[in-house]
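# Reading the structure
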Amino acid sequence: MYTQMVEVVGEQNGETAQERHFQARIDAGETIEAKDWMPEGYRKTLIRQISQHAHSEIVGQLPEANWITRAPTLRRKAILLAKVQDEAGHGLYLYGAAETLGVSRSQLVDDLLAGKAKYSSIFNYPTLTWADMGTIGWLVDGAAIMNQIPLCRCSYGPYARAMIRICKEESFHQRQGFEIMTILSHGTSAQRAMAQDALNRWWWPSLMMFGPPDAESPHTAQSKRWKIKLLTNDELRQRFIDQTAPQADYLGLKIPDPALRWNASAGHYDFGQIDWAEFYNVIKGNGPCNRDRMRARRAAHDDGAWVRAAAIEYAQKRKAEEASAA
Ligand code: FAQ
(Lines give C-alpha, C1' and ligand atoms only; values in the text may rest on other atoms or scores of the structure.)
Protein backbone atom coordinates (compact mmCIF):
# COMPACT_ATOMS: atom_id res chain seq x y z
CA MET A 1 0.00 0.00 0.00
CA TYR A 2 1.26 3.48 -0.82
CA THR A 3 1.23 5.46 2.40
CA GLN A 4 0.84 8.95 1.10
CA MET A 5 0.47 10.83 -2.11
CA VAL A 6 3.13 13.42 -2.79
CA GLU A 7 3.36 16.05 -5.46
CA VAL A 8 4.97 14.73 -8.62
CA VAL A 9 6.99 17.76 -9.56
CA GLY A 10 9.48 20.02 -7.80
CA GLU A 11 12.78 19.45 -6.06
CA GLN A 12 13.46 20.02 -2.33
CA ASN A 13 16.85 19.67 -0.62
CA GLY A 14 18.24 18.20 -3.84
CA GLU A 15 15.60 15.41 -3.86
CA THR A 16 12.98 15.02 -6.57
CA ALA A 17 9.36 14.40 -5.66
CA GLN A 18 9.76 10.81 -6.85
CA GLU A 19 12.72 10.32 -4.52
CA ARG A 20 10.81 11.85 -1.60
CA HIS A 21 7.88 9.57 -2.29
CA PHE A 22 10.24 6.58 -2.37
CA GLN A 23 11.78 7.63 0.96
CA ALA A 24 8.31 8.07 2.45
CA ARG A 25 7.47 4.49 1.52
CA ILE A 26 10.68 3.28 3.17
CA ASP A 27 10.01 5.39 6.29
CA ALA A 28 6.52 3.89 6.51
CA GLY A 29 8.04 0.39 6.54
CA GLU A 30 6.83 -0.61 3.09
CA THR A 31 8.70 -3.25 1.12
CA ILE A 32 10.19 -2.28 -2.22
CA GLU A 33 9.69 -4.89 -4.95
CA ALA A 34 11.69 -5.50 -8.13
CA LYS A 35 9.33 -3.69 -10.49
CA ASP A 36 8.83 -0.62 -8.26
CA TRP A 37 10.55 2.63 -9.14
CA MET A 38 13.75 3.09 -7.12
CA PRO A 39 16.59 5.64 -7.16
CA GLU A 40 19.61 4.49 -9.14
CA GLY A 41 21.78 4.74 -5.99
CA TYR A 42 19.44 2.38 -4.12
CA ARG A 43 19.62 -0.16 -6.96
CA LYS A 44 23.43 0.11 -7.17
CA THR A 45 23.90 -0.20 -3.41
CA LEU A 46 21.76 -3.31 -3.33
CA ILE A 47 23.55 -4.89 -6.29
CA ARG A 48 26.89 -4.17 -4.59
CA GLN A 49 25.86 -5.52 -1.19
CA ILE A 50 23.84 -8.54 -2.36
CA SER A 51 26.47 -9.61 -4.88
CA GLN A 52 29.31 -9.24 -2.34
CA HIS A 53 27.22 -11.30 0.01
CA ALA A 54 26.65 -13.97 -2.68
CA HIS A 55 30.36 -14.05 -3.52
CA SER A 56 31.14 -14.45 0.19
CA GLU A 57 28.92 -17.51 0.41
CA ILE A 58 30.57 -19.07 -2.65
CA VAL A 59 34.18 -18.26 -1.70
CA GLY A 60 33.26 -19.12 1.91
CA GLN A 61 32.89 -22.76 0.90
CA LEU A 62 36.62 -23.05 0.29
CA PRO A 63 38.07 -22.84 3.83
CA GLU A 64 35.71 -25.54 5.10
CA ALA A 65 35.84 -27.71 1.97
CA ASN A 66 39.50 -28.10 2.87
CA TRP A 67 38.41 -30.34 5.79
CA ILE A 68 35.69 -32.49 4.21
CA THR A 69 38.11 -35.31 3.40
CA ARG A 70 39.76 -35.02 6.82
CA ALA A 71 36.73 -34.78 9.11
CA PRO A 72 37.35 -37.01 12.16
CA THR A 73 34.18 -39.14 11.87
CA LEU A 74 31.58 -40.08 9.27
CA ARG A 75 28.96 -38.04 11.20
CA ARG A 76 31.19 -34.96 11.15
CA LYS A 77 31.91 -35.42 7.46
CA ALA A 78 28.18 -35.63 6.62
CA ILE A 79 27.44 -32.49 8.68
CA LEU A 80 30.29 -30.52 7.13
CA LEU A 81 29.33 -31.60 3.62
CA ALA A 82 25.72 -30.48 4.24
CA LYS A 83 26.95 -27.14 5.58
CA VAL A 84 29.20 -26.45 2.61
CA GLN A 85 26.34 -27.37 0.25
CA ASP A 86 24.11 -24.94 2.13
CA GLU A 87 26.62 -22.14 1.46
CA ALA A 88 26.39 -22.89 -2.28
CA GLY A 89 22.60 -22.66 -2.01
CA HIS A 90 22.85 -19.31 -0.20
CA GLY A 91 25.04 -17.99 -2.99
CA LEU A 92 22.42 -19.03 -5.53
CA TYR A 93 19.46 -17.42 -3.72
CA LEU A 94 21.49 -14.25 -3.38
CA TYR A 95 22.56 -14.15 -7.04
CA GLY A 96 18.85 -14.67 -7.80
CA ALA A 97 17.91 -11.71 -5.57
CA ALA A 98 20.56 -9.54 -7.26
CA GLU A 99 19.26 -10.53 -10.71
CA THR A 100 15.85 -9.02 -9.86
CA LEU A 101 17.67 -5.65 -9.94
CA GLY A 102 18.53 -6.03 -13.62
CA VAL A 103 22.04 -7.46 -13.52
CA SER A 104 23.01 -10.90 -14.79
CA ARG A 105 24.61 -13.58 -12.67
CA SER A 106 27.33 -14.09 -15.26
CA GLN A 107 28.23 -10.39 -15.04
CA LEU A 108 28.45 -10.61 -11.25
CA VAL A 109 30.63 -13.72 -11.40
CA ASP A 110 32.86 -12.10 -14.03
CA ASP A 111 33.33 -9.11 -11.68
CA LEU A 112 34.38 -11.43 -8.87
CA LEU A 113 36.82 -13.36 -11.05
CA ALA A 114 38.28 -10.14 -12.46
CA GLY A 115 38.96 -8.96 -8.88
CA LYS A 116 36.50 -6.05 -9.25
CA ALA A 117 33.98 -7.26 -6.67
CA LYS A 118 34.70 -7.91 -3.02
CA TYR A 119 33.82 -10.86 -0.81
CA SER A 120 34.08 -11.09 2.97
CA SER A 121 37.56 -10.56 4.41
CA ILE A 122 37.11 -13.55 6.74
CA PHE A 123 37.50 -16.12 3.97
CA ASN A 124 41.08 -15.07 3.30
CA TYR A 125 42.39 -16.85 6.39
CA PRO A 126 43.63 -20.46 6.36
CA THR A 127 41.94 -23.39 8.12
CA LEU A 128 44.86 -25.11 9.82
CA THR A 129 43.23 -27.60 12.21
CA TRP A 130 39.92 -29.37 12.80
CA ALA A 131 39.18 -26.84 15.57
CA ASP A 132 38.94 -24.21 12.82
CA MET A 133 35.75 -25.96 11.65
CA GLY A 134 34.28 -25.46 15.12
CA THR A 135 35.46 -21.87 15.31
CA ILE A 136 34.13 -20.95 11.87
CA GLY A 137 30.68 -22.30 12.79
CA TRP A 138 30.73 -20.65 16.22
CA LEU A 139 32.25 -17.26 15.35
CA VAL A 140 31.96 -16.77 11.57
CA ASP A 141 28.42 -18.13 11.25
CA GLY A 142 27.61 -16.45 14.57
CA ALA A 143 28.75 -13.09 13.17
CA ALA A 144 26.94 -13.77 9.88
CA ILE A 145 23.66 -14.41 11.75
CA MET A 146 24.09 -11.29 13.89
CA ASN A 147 24.45 -9.25 10.69
CA GLN A 148 21.78 -11.09 8.70
CA ILE A 149 18.82 -11.39 11.10
CA PRO A 150 18.13 -7.64 10.78
CA LEU A 151 18.46 -7.99 6.98
CA CYS A 152 15.32 -10.19 7.03
CA ARG A 153 13.50 -6.86 7.65
CA CYS A 154 15.44 -4.80 5.11
CA SER A 155 13.49 -2.66 2.66
CA TYR A 156 14.09 -4.71 -0.49
CA GLY A 157 11.64 -7.63 -0.62
CA PRO A 158 13.61 -10.23 -2.64
CA TYR A 159 16.70 -9.75 -0.41
CA ALA A 160 14.70 -9.81 2.84
CA ARG A 161 12.91 -13.01 1.81
CA ALA A 162 16.15 -14.75 0.77
CA MET A 163 17.63 -13.85 4.17
CA ILE A 164 14.85 -15.62 6.10
CA ARG A 165 15.78 -19.03 4.78
CA ILE A 166 19.50 -18.30 4.89
CA CYS A 167 19.30 -17.33 8.57
CA LYS A 168 17.51 -20.57 9.46
CA GLU A 169 20.33 -22.54 7.85
CA GLU A 170 23.06 -20.34 9.36
CA SER A 171 21.61 -21.06 12.75
CA PHE A 172 22.18 -24.81 12.22
CA HIS A 173 25.73 -23.95 11.09
CA GLN A 174 26.41 -21.96 14.24
CA ARG A 175 25.09 -24.78 16.45
CA GLN A 176 27.24 -27.42 14.77
CA GLY A 177 30.31 -25.21 15.25
CA PHE A 178 29.55 -24.60 18.90
CA GLU A 179 29.05 -28.34 19.40
CA ILE A 180 32.51 -29.05 17.94
CA MET A 181 33.98 -26.41 20.27
CA THR A 182 32.15 -27.88 23.29
CA ILE A 183 33.56 -31.33 22.60
CA LEU A 184 37.11 -30.07 21.97
CA SER A 185 37.17 -27.72 24.95
CA HIS A 186 35.99 -30.52 27.27
CA GLY A 187 38.35 -33.04 25.70
CA THR A 188 42.05 -33.88 26.15
CA SER A 189 44.60 -31.16 26.85
CA ALA A 190 45.72 -31.37 23.19
CA GLN A 191 42.11 -30.84 22.06
CA ARG A 192 41.65 -27.88 24.42
CA ALA A 193 44.88 -26.35 23.15
CA MET A 194 43.70 -26.80 19.56
CA ALA A 195 40.39 -25.08 20.39
CA GLN A 196 42.17 -22.18 22.11
CA ASP A 197 44.61 -21.78 19.22
CA ALA A 198 41.72 -21.59 16.73
CA LEU A 199 39.95 -18.98 18.86
CA ASN A 200 43.19 -16.97 19.04
CA ARG A 201 43.48 -16.90 15.24
CA TRP A 202 39.80 -16.29 14.35
CA TRP A 203 38.66 -13.84 17.02
CA TRP A 204 39.95 -10.56 15.55
CA PRO A 205 39.19 -11.42 11.90
CA SER A 206 35.61 -12.29 13.01
CA LEU A 207 35.20 -8.80 14.50
CA MET A 208 36.42 -7.33 11.20
CA MET A 209 33.60 -9.10 9.33
CA PHE A 210 31.22 -6.34 10.46
CA GLY A 211 33.16 -3.83 8.38
CA PRO A 212 35.06 -0.64 9.22
CA PRO A 213 34.13 1.53 12.22
CA ASP A 214 31.04 3.65 11.60
CA ALA A 215 33.13 6.81 11.41
CA GLU A 216 35.06 5.31 8.47
CA SER A 217 32.17 3.52 6.74
CA PRO A 218 31.28 5.41 3.55
CA HIS A 219 28.00 3.54 2.95
CA THR A 220 26.35 3.13 6.36
CA ALA A 221 24.50 6.45 6.68
CA GLN A 222 22.74 6.23 3.30
CA SER A 223 22.13 2.48 3.60
CA LYS A 224 20.48 3.03 6.98
CA ARG A 225 18.27 5.77 5.55
CA TRP A 226 17.17 3.36 2.84
CA LYS A 227 16.83 0.52 5.37
CA ILE A 228 19.25 -1.60 3.36
CA LYS A 229 21.11 -1.74 6.68
CA LEU A 230 19.09 -1.63 9.88
CA LEU A 231 22.01 -1.47 12.30
CA THR A 232 25.47 0.02 11.90
CA ASN A 233 28.72 -1.94 11.73
CA ASP A 234 29.72 -0.91 15.27
CA GLU A 235 26.29 -1.70 16.74
CA LEU A 236 26.38 -5.21 15.28
CA ARG A 237 29.99 -5.77 16.33
CA GLN A 238 29.15 -4.80 19.93
CA ARG A 239 26.13 -7.12 19.98
CA PHE A 240 28.29 -9.96 18.70
CA ILE A 241 30.93 -9.41 21.39
CA ASP A 242 28.26 -9.19 24.11
CA GLN A 243 26.75 -12.46 22.94
CA THR A 244 30.00 -14.35 22.36
CA ALA A 245 32.08 -13.46 25.45
CA PRO A 246 29.86 -15.50 27.84
CA GLN A 247 29.93 -18.41 25.36
CA ALA A 248 33.74 -18.41 25.51
CA ASP A 249 33.48 -18.47 29.34
CA TYR A 250 31.13 -21.46 29.10
CA LEU A 251 33.67 -23.26 26.90
CA GLY A 252 36.48 -22.38 29.32
CA LEU A 253 38.36 -20.62 26.50
CA LYS A 254 40.04 -17.23 26.70
CA ILE A 255 39.25 -14.55 24.13
CA PRO A 256 42.63 -13.14 23.03
CA ASP A 257 41.88 -9.56 24.11
CA PRO A 258 43.37 -8.34 27.42
CA ALA A 259 41.07 -5.30 27.31
CA LEU A 260 37.87 -7.37 27.14
CA ARG A 261 35.79 -6.85 30.28
CA TRP A 262 32.16 -6.43 31.27
CA ASN A 263 31.22 -2.79 31.76
CA ALA A 264 28.20 -2.87 34.07
CA SER A 265 27.36 0.81 33.71
CA ALA A 266 27.38 0.61 29.91
CA GLY A 267 25.67 -2.81 29.91
CA HIS A 268 28.23 -4.01 27.33
CA TYR A 269 31.68 -5.54 27.10
CA ASP A 270 34.55 -3.12 26.54
CA PHE A 271 37.09 -4.44 24.06
CA GLY A 272 40.54 -3.62 22.68
CA GLN A 273 41.71 -1.97 19.47
CA ILE A 274 41.00 -3.80 16.21
CA ASP A 275 43.93 -3.79 13.78
CA TRP A 276 42.23 -1.94 10.92
CA ALA A 277 45.47 -1.89 8.91
CA GLU A 278 45.17 -5.69 8.72
CA PHE A 279 41.53 -5.43 7.58
CA TYR A 280 42.31 -2.94 4.79
CA ASN A 281 45.27 -5.02 3.70
CA VAL A 282 43.08 -8.13 3.42
CA ILE A 283 40.32 -6.39 1.46
CA LYS A 284 42.95 -4.98 -0.91
CA GLY A 285 43.84 -8.57 -1.82
CA ASN A 286 46.86 -9.12 0.41
CA GLY A 287 45.48 -11.44 3.09
CA PRO A 288 47.07 -14.84 3.74
CA CYS A 289 44.81 -16.69 1.26
CA ASN A 290 43.38 -14.10 -1.19
CA ARG A 291 45.39 -15.39 -4.13
CA ASP A 292 44.60 -19.04 -3.36
CA ARG A 293 40.89 -18.31 -3.07
CA MET A 294 40.73 -16.49 -6.41
CA ARG A 295 42.83 -19.19 -8.10
CA ALA A 296 40.43 -21.86 -6.81
CA ARG A 297 37.34 -19.91 -7.96
CA ARG A 298 38.81 -19.29 -11.44
CA ALA A 299 39.73 -22.97 -11.81
CA ALA A 300 36.22 -24.03 -10.71
CA HIS A 301 34.69 -21.60 -13.20
CA ASP A 302 36.84 -22.95 -16.05
CA ASP A 303 36.17 -26.57 -15.06
CA GLY A 304 32.43 -25.85 -15.05
CA ALA A 305 32.37 -24.32 -18.55
CA TRP A 306 31.14 -27.58 -20.14
CA VAL A 307 28.25 -27.80 -17.62
CA ARG A 308 27.09 -24.27 -18.46
CA ALA A 309 27.41 -24.99 -22.20
CA ALA A 310 25.42 -28.23 -21.83
CA ALA A 311 22.69 -26.50 -19.77
CA ILE A 312 22.31 -23.75 -22.39
CA GLU A 313 22.20 -26.33 -25.20
CA TYR A 314 19.55 -28.34 -23.33
CA ALA A 315 17.43 -25.24 -22.63
CA GLN A 316 17.56 -24.29 -26.33
CA LYS A 317 16.55 -27.83 -27.37
CA ARG A 318 13.57 -27.77 -24.96
CA LYS A 319 12.50 -24.38 -26.31
CA ALA A 320 12.72 -25.61 -29.91
CA GLU A 321 10.72 -28.76 -29.03
CA GLU A 322 8.05 -26.70 -27.28
CA ALA A 323 7.86 -24.31 -30.24
CA SER A 324 7.43 -27.14 -32.75
CA ALA A 325 4.79 -28.86 -30.54
CA ALA A 326 2.75 -25.64 -30.21
N1 FAQ B 1 35.07 -7.85 3.94
O2 FAQ B 1 30.79 1.35 4.16
P3 FAQ B 1 31.02 -0.08 4.50
C4 FAQ B 1 28.94 -15.51 5.70
C5 FAQ B 1 33.95 -3.15 2.34
S6 FAQ B 1 28.44 -14.25 4.69
C7 FAQ B 1 35.29 -7.29 2.74
O8 FAQ B 1 30.78 -0.44 5.93
P9 FAQ B 1 28.70 -1.65 3.68
C10 FAQ B 1 28.25 -16.83 5.57
C11 FAQ B 1 32.60 -2.73 1.78
O12 FAQ B 1 32.13 -3.68 0.86
C13 FAQ B 1 29.54 -12.90 5.05
N14 FAQ B 1 34.91 -6.04 2.44
O15 FAQ B 1 30.17 -1.01 3.52
C16 FAQ B 1 29.22 -17.92 5.69
C17 FAQ B 1 32.94 -1.40 1.18
O18 FAQ B 1 33.67 -1.59 -0.04
P19 FAQ B 1 33.06 -1.12 -1.50
C20 FAQ B 1 29.24 -11.77 4.22
C21 FAQ B 1 34.28 -5.35 3.41
O22 FAQ B 1 28.42 -2.44 2.47
C23 FAQ B 1 29.67 -18.33 6.93
C24 FAQ B 1 33.95 -0.85 2.16
O25 FAQ B 1 34.53 -1.96 2.83
N26 FAQ B 1 28.06 -11.08 4.71
O27 FAQ B 1 29.82 -15.28 6.43
C28 FAQ B 1 33.99 -5.89 4.66
O29 FAQ B 1 27.73 -0.60 4.06
C30 FAQ B 1 30.59 -19.39 7.05
C31 FAQ B 1 33.34 0.12 3.15
O32 FAQ B 1 32.50 -0.55 4.11
C33 FAQ B 1 27.49 -10.09 4.03
O34 FAQ B 1 27.89 -9.75 2.96
C35 FAQ B 1 34.41 -7.20 4.92
N36 FAQ B 1 34.22 -7.81 6.10
O37 FAQ B 1 28.85 -2.63 4.94
C38 FAQ B 1 29.69 -18.58 4.55
C39 FAQ B 1 26.26 -9.48 4.68
N40 FAQ B 1 33.35 -4.96 5.39
O41 FAQ B 1 31.87 -2.00 -1.77
C42 FAQ B 1 30.62 -19.65 4.65
C43 FAQ B 1 25.68 -8.35 3.91
C44 FAQ B 1 33.25 -3.87 4.63
O45 FAQ B 1 32.67 0.32 -1.36
C46 FAQ B 1 31.05 -20.04 5.93
N47 FAQ B 1 26.56 -7.21 3.81
N48 FAQ B 1 33.81 -4.10 3.43
O49 FAQ B 1 34.19 -1.37 -2.45
C50 FAQ B 1 26.59 -6.22 4.75
O51 FAQ B 1 25.90 -6.25 5.76
C52 FAQ B 1 27.49 -5.06 4.46
O53 FAQ B 1 27.83 -5.05 3.09
C54 FAQ B 1 28.81 -5.03 5.32
C55 FAQ B 1 29.64 -3.81 4.87
C56 FAQ B 1 28.44 -4.86 6.79
C57 FAQ B 1 29.63 -6.29 5.12
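Overview of the structure. (Residues numbered from 1 in each chain as written. Predicted model: local features only at pLDDT ≥ 70, side-chain atom pairs only at ≥ 80, totals over all residues. Heavy atoms only, no water.)

### Observations regarding the overall build of the protein chain
For the record, the criterion: Counting from the N terminus, the helices are the DSSP runs of H or I reaching at least four residues and the strands are the DSSP runs of E reaching at least two. Radius of gyration: C-alpha atoms only; globule rule: 2.2 Å multiplied by the number of residues to the exponent 0.38. Only protein chains enter the accessibility calculation, which uses a 1.4 Å probe. A residue is then buried if its area is under 20% of the maximum for its type, exposed if over 50%, and partly exposed in between. Working rule for contacts: check all heavy atoms of both residues, and any pair within 4.5 Å makes them a contact. For the area figures, the Shrake-Rupley method with a 1.4 Å probe applies, and any residue is considered shielded solely by the protein chains shown. We score Asp and Glu as negative and Lys and Arg as positive, and we do not count His or the chain ends. One atom stands in for each charge, and that atom is NZ of Lys, CZ of Arg, CG of Asp or CD of Glu.
A count of helical and extended segments in the protein chain gives 13 helices and 4 strands. In summary, the protein chain has a C-alpha radius of gyration of 22 Å against a globular reference of 20 Å for 326 residues, a match within 12%. Counting all 326 residues of the protein chain, 49% fall into the buried class. For the protein chain, the share of sequence-separated contacts (at least 6 apart) that also reach a separation of at least 24 residues comes to 74%. Total accessible area on the protein chain stands at roughly 16500 Å², and carbon and sulfur atoms take up 56% of it. In the protein chain, 39 side chains carry a positive charge and 38 a negative one; their mean positions are 3 Å apart.

### Here we look at the environment of Lys-77
Tracing the backbone shows Lys-77 in helix α4 (residues 74–99). If we ignore the near neighbours within four places in the chain, the residues touching Lys-77 are Ile-68, Thr-69 and Ala-71.

### Description of the packing of helix α5 (residues 105–113) against helix α12 (residues 290–303)
Rule in force here: For helices, the fitted axis covers only the stretch in contact; all axes are lines through C-alpha atoms, and the angles between them, taken along N-to-C directions, range from 0 to 180 degrees. Note that the term roughly parallel is reserved for angles under 35 degrees, roughly antiparallel for angles over 145, roughly perpendicular for angles of 65 to 115, and oblique for everything else. The handedness criterion is simple: a crossing whose near helix is rotated anticlockwise from the far helix by less than a right angle is left-handed, and one whose near helix is rotated clockwise is right-handed. In this count, Pro and Cys sit with the nonpolar residues alongside Ala, Val, Leu, Ile, Met, Phe, Trp and Tyr, while Asp, Glu, Lys and Arg are called charged and the others, Gly among them, polar.
The interhelical angle for the contact between α5 and α12, taken along N-to-C directions, is 140 degrees, at an axis separation of 10 Å. When the interaxial angle is binned, α5 and α12 end up oblique. Seen from above, α5 lies across α12 with left-handed handedness. Contact residues: α5 offers Val-109, Leu-112 and Leu-113, while α12 offers Met-294, Arg-297, Arg-298 and His-301. The class makeup of the residues in the contact of α5 with α12 is 4 nonpolar, 1 polar and 2 charged.

### Here's the deal with the packing of α4 against helix α7 (residues 157–185)
Between α4 and α7, the least distance of the axes is 10 Å, while the angle of their chain directions is 160 degrees. Judged by the angle between their axes, α4 and α7 are roughly antiparallel. In this structure, α4 meets α7 at a crossing whose hand is left-handed. Per-class residue counts for the contact of α4 with α7 are 12 nonpolar, 3 polar and 9 charged.

### Description of the side chain of Arg-297
Its location among the elements puts Arg-297 in helix α12. Look past the residues within four positions of Arg-297 in its chain and what remains in contact with it is Ile-58, Val-59, Leu-62 and Leu-113.

### Notes on the nonpolar core
The following threshold applies: To form a nonpolar core, buried Ala, Val, Leu, Ile, Met, Phe, Trp, Tyr and Cys residues must be joined to one another through side-chain atoms within 4.5 Å.
In terms of nonpolar packing, the biggest core is built from 79 residues, with Tyr-42, Ile-50, Trp-138, Tyr-156, Tyr-159 and Trp-203 touching the most fellow members. Not counting residues up to four positions away in its chain, the partners in contact with Tyr-42 are Phe-22, Ile-26, Ile-32, Ser-155, Tyr-156, Trp-226 and Ile-228.

### Considerations on helix α8 (residues 189–208)
Test applied: A helix is expected to span 1.5 Å multiplied by its residue count minus one. Values of bend correspond, residue by residue, to the angle between axes fitted over the seven residues ending at that residue and the seven starting there.
For α8, with 20 residues, the first-to-last C-alpha span of 30 Å sits near the 28 Å given by 1.5 Å per residue. Bending of α8 peaks at approximately 35 degrees at the position of Trp-202, with proline Pro-205 no more than four residues after it. Of the residues making up α8, those classed as buried are Ala-195, Gln-196, Ala-198, Leu-199, Trp-202, Trp-203, Trp-204, Pro-205, Ser-206, Leu-207 and Met-208. For α8, the elements touching its buried residues are α6 (131–151), α7, α10 (233–251) and α11 (276–286).

### Describing the site of the ligand
Put simply, the test is: When we say a residue is near a molecule or strand, we mean one of its heavy atoms is within 4 Å of it. Polar contact criterion, stated in full: a pair of N or O atoms within 3.5 Å, where within protein one must be able to donate a hydrogen and the other to accept it, and residues adjacent in sequence count only if both atoms are side-chain atoms.
Neighbouring the ligand are 35 residues; Gln-52, Lys-118, His-219, Lys-229 and Asn-233 lie closest to it. Between the ligand and Asn-147 there is a distance of 2.9 Å, counted from an oxygen atom to a side-chain nitrogen or oxygen. A distance of 2.6 Å separates an oxygen atom of the ligand from a polar side-chain atom of Lys-229. Considered on its own, the ligand offers 1100 Å² of accessible surface; in the complex 91% of this is hidden by protein. Counting residues per element, the ones that place at least two in the shell around the ligand are α2 (40–59), α4, α6, α7 and α11. Within the shell around the ligand, the residues separate by chemical class into 13 nonpolar, 13 polar and 9 charged.

### A few points about the packing of aromatic side chains
How we decide: Side-chain rings of Phe, Tyr and Trp, where Trp is taken by its six-membered ring, are said to pair if the distance between their centres is within 6.5 Å; with planes under 30 degrees apart they count as stacked, over 60 as edge-to-face, and otherwise as tilted.
Applying the stated criterion across every chain, the model contains 12 aromatic pairs. A ring pair is formed by Tyr-42 and Trp-226, whose centres lie 5.7 Å apart and whose planes are at 90 degrees; its orientation type is edge-to-face. With Tyr-42 in helix α2 and Trp-226 in the loop between α9 (220–225) and α10, this pair connects stretches of sequence that are 184 residues apart. Between Phe-279 and Tyr-280 the ring centres are 5.1 Å apart and the planes differ by 70 degrees, which places this aromatic pair in the edge-to-face class. A relative accessible area of 6% places Phe-279 in the buried class. With relative accessibility at 28%, the residue Tyr-280 sits in the partly exposed group. Three or more aromatic residues joined by ring pairs form one cluster here, namely Phe-22, Trp-37, Tyr-42 and Trp-226.

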